[in-house]
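Fold and geometry: a report
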Amino acid sequence: MAETKREIERKYESDDSGLPDLTGVAGVAAVLDKGVAELDATYYDTADGRLAAASITLRRRTGGSDAGWHLKFPVAPGVRDEIRAPLSDHLPRVLAGLIRSRVRGAEVAPVVRLRSARDVRELVDDAGRLLAEVSVDEVRADRLTDGGGAAQWTEIEVELADGGEPVFLDKVEKRLRKAGVRPSGSASKLARALAETAPRTPGTARGRKSGKAGKKQPDASGKKPAKGGTATTTPAPATAAPAPSPGRAAPRAPRTAGDHVLAYLRAQRDAIVELDPAVRRDLPDSVHRMRVATRRARSAFRSFAKVLDRSVTDPIGAELKWLAGELGVDRDQEVLTDRLTAALDALPRPLVSGPVRNRLRTWARARGGGSRRRLLAVLDGKRYLALLDALDRLVDEPPLLAAAGGAPEKVLAKAVRKDFGRVAALVEEALGQPPGPGRDLALHEARKRTKRTRYSAEASGPALGAPATDLVRSMKALQGLLGDHQDSVMTREALRGLAGQAHAAGESTFTYGLLYGREERRAERVEAALPDTWAATADGMHV
């Protein structure tokens, strides 16, 4: 089993003077000496440093109160989520899954060993409650690859207690600065170790050498390195994804139409990769955000077909559609259930006839059963990893067409106008039909094209400026209106099914009919508001 802890901490440079007196910090009643802990941590990464490039750390640590495997993801400056698993010789499966979108087929193996003597103090208030833990760490870093460089330093670490207010760290920092202590130039011990133990190159310096590298460590599979040498990483296989690494050149600032489209696609690729661990951890809104990234990428393929060769992008788009569908199983059910529950909660009690709530709960569980396990299996599957590889190849070796070299003000604006024109045709077609299934379908098609226009305007924003930004805003409003209409269509379909089940079980169907009627009125209000909304949107189109 793994547990998650939100880690909020700050690091400071330290000299031989040790820790200043912190009894003067506002709110601190006592500073408790908790003794010295000996910590021994081995950090793992791929041969090309994919985890470090993403500011992700994976370590196996002994000593202290939290020995085990630790995986840390950045949340914000000074804030990380640490997922802990029990100590073992092998990388726990749950942690391996959380880094799979980064490492793909590459092996993770030891890269750095850090041994620290941690002198710990606890800052407590007058009720004895822990406010923060402050430690002075004497660190020795030994690189386990690339020649085995070494370095030593001392640092001060201040970690906020669980549930504490981050403003308290400001008070501690004020006291430290007054004593001459300054914030560390490195975000983490690993980042400093990698920098100071890096192989020497002409014109650069390395951290202080302090002897041989540490003793041989097991790799992530528990294997020891060959006798007579230090542990080394295993090169990634030929099929491994070319994930971002510290040595990869940053993309140039967008100039051409192709540059802008690729920048947008790169952002969607990055979002999918970065959201993968959050989806696995079932964090709020993570599935929805990943699904949106797949839609944005697919939309860009279609909107900018004059920029990127569709013979290459169409197969990737098909796989993105597949992934969006797998992600949507839970999401669509959740949205529909929330809408039905809210509608039921809004009814006066006398209008709820029969076991409606129990039937709704049973219906929701039956439709959602097993979908979570299915999604995790998808993320662990070869098809998904192949899709991530394909997205990498696309942005690294793009299939550019002639228009890609054109001026973005012309190429991108033309694509956006084409998308908008299709929205206009679909909205006019829908408004020209009588209420009923035909209009419902036409409005649904208009909604999908509205999304595409919103995304193409979004991708074009850096090049086209305010007109594109204004169009994104108006398309978002139109999408919301049409989305509410489609939600009503889907809710009525669900209510018909629920009423049929209730009738078959001999239950009252009164409440389902009442809710169905309310949803009809809701859709009618949307349809009544659409002409004015659309007229304002069309008048504001200036791309």
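Residues numbered from 1 in each chain as written. Predicted model: local features only at pLDDT ≥ 70, side-chain atom pairs only at ≥ 80, totals over all residues. Heavy atoms only, no water.

1. What to know about the overall build of the protein
What counts, and what does not: Labels follow the DSSP assignment, with helices taken as runs of H or I lasting at least four residues and strands as runs of E lasting at least two, numbered in each case from the N terminus. By the convention used here, residues are in contact when the closest approach between their heavy atoms is within 4.5 Å. In short, Shrake-Rupley with a 1.4 Å probe defines the accessible areas, and a residue's cover is counted only from the protein chains shown.
Helix and strand content of the protein: 15 helices and 8 strands. Nonlocal contacts in the protein, meaning residues at least 24 apart in sequence, comprise 73% of its contacts between residues at least 6 apart. Total accessible area computed for the protein in this model is approximately 26000 Å², and 52% of it derives from carbon and sulfur atoms.

2. Side note on the environment of K171
Where we set the bar: Burial classes: relative accessible area under 20% of the type maximum marks a residue as buried, over 50% as exposed, and values in between as partly exposed (1.4 Å probe, protein chains only).
Summarising the element assignment, K171 is placed in helix 4 (residues 167–178). Assessed through its relative accessible area of 38%, K171 is described here as partly exposed. Spatially, the C-alpha atoms of K171 and A26 are 6.8 Å apart, while their sequence positions differ by 145 residues.

3. Brief notes about the pattern of salt bridges
Inclusion rule: Salt bridge criterion: a side-chain nitrogen from Lys or Arg within 4 Å of a carboxyl oxygen from Asp or Glu.
Tallied over the full model, the rule gives 59 salt bridges. A salt bridge links K11 to E9; its shortest N-O distance comes to 3.4 Å. Each member of the pair, K11 as well as E9, is classed as buried. Its salt-bridge partner being R59, residue E82 comes within 3.6 Å of it at the nearest N-O pair. Taken together, the residues E82 in strand 5 (residues 79–85) and R59 in strand 3 (residues 57–62) connect sequence positions 23 residues apart.

4. What about the pairing of strand 1 (residues 3–13)?
Short version of the rule: DSSP-based pairing: two strands are paired if at least 2 bridges between them are found.
As defined by bridge partners, strand 1 adjoins strand 5 across 6 bridges and the pair is classed as antiparallel. Directly across from I8, in strand 5, lies its bridge partner V79. Sheet analysis places strand 1 next to strand 8 (residues 150–160), joined by 5 bridges and oriented antiparallel. By the bridge assignment, E9 is partnered in strand 8 with E159.

5. Considering a positive patch on the surface
The following threshold applies: In this scheme, patches are assembled from residues that exceed 30% relative accessible area and form no salt bridge. Like charges are connected within 9 Å, while nonpolar side chains (Val, Leu, Ile, Met, Phe, Trp, Tyr) are connected within 5 Å. Two residue types count as positive, namely Lys and Arg, and two as negative, namely Asp and Glu; His and chain ends fall outside the count. Working definition for charges: the position is that of NZ of Lys, CZ of Arg, CG of Asp or CD of Glu.
Taken together, K306, K414, R417 and K418 make up a surface patch of like positive charges. By secondary structure assignment, the location of K414 is in helix 12 (residues 408–431). According to the relative accessible area criterion, K414 is exposed, its value standing at 60%.

6. A closer look at the sheet that holds strand 4 (residues 68–76)
Put simply, the rule reads: For every element, the axis is a line fit to its C-alpha atoms; helices are fit only across the contacting stretch, and the angle between N-to-C directions ranges from 0 to 180 degrees.
As summarised here, the arrangement of the 8 strands in space is 1-5-4-3-2-6-7-8, forming a closed barrel in which the pairing is antiparallel. Each adjacent strand pair in this sheet contributes to an overall mean axis angle of 35°, direction not counted.

7. Comments concerning the nonpolar core
Spelled out, the test is: What is meant by a nonpolar core is a set of buried Ala, Val, Leu, Ile, Met, Phe, Trp, Tyr and Cys residues, joined one to another through side-chain atoms within 4.5 Å.
Counting 42 residues, the largest nonpolar core has L265, I272, F304, I316, L320 and Y384 as the members making the most contacts within it. Taken together, the elements giving at least two residues each to this core come down to helix 6 (257–280), helix 7 (286–303), helix 8 (310–345), helix 10 (371–380), helix 11 (382–396), helix 12 and helix 13 (437–464). Among the elements that take part in this core, helix 6 stands out by supplying 9 residues, more than any other. Once residues lying within four places of it in the same chain are set aside, the contact partners of I272 are M290, A293, T294, L320, Y384, L388 and L391. Counting residues in hydrophobic clusters, the runner-up holds 25 residues, among them L426, L482, M541 and V543.

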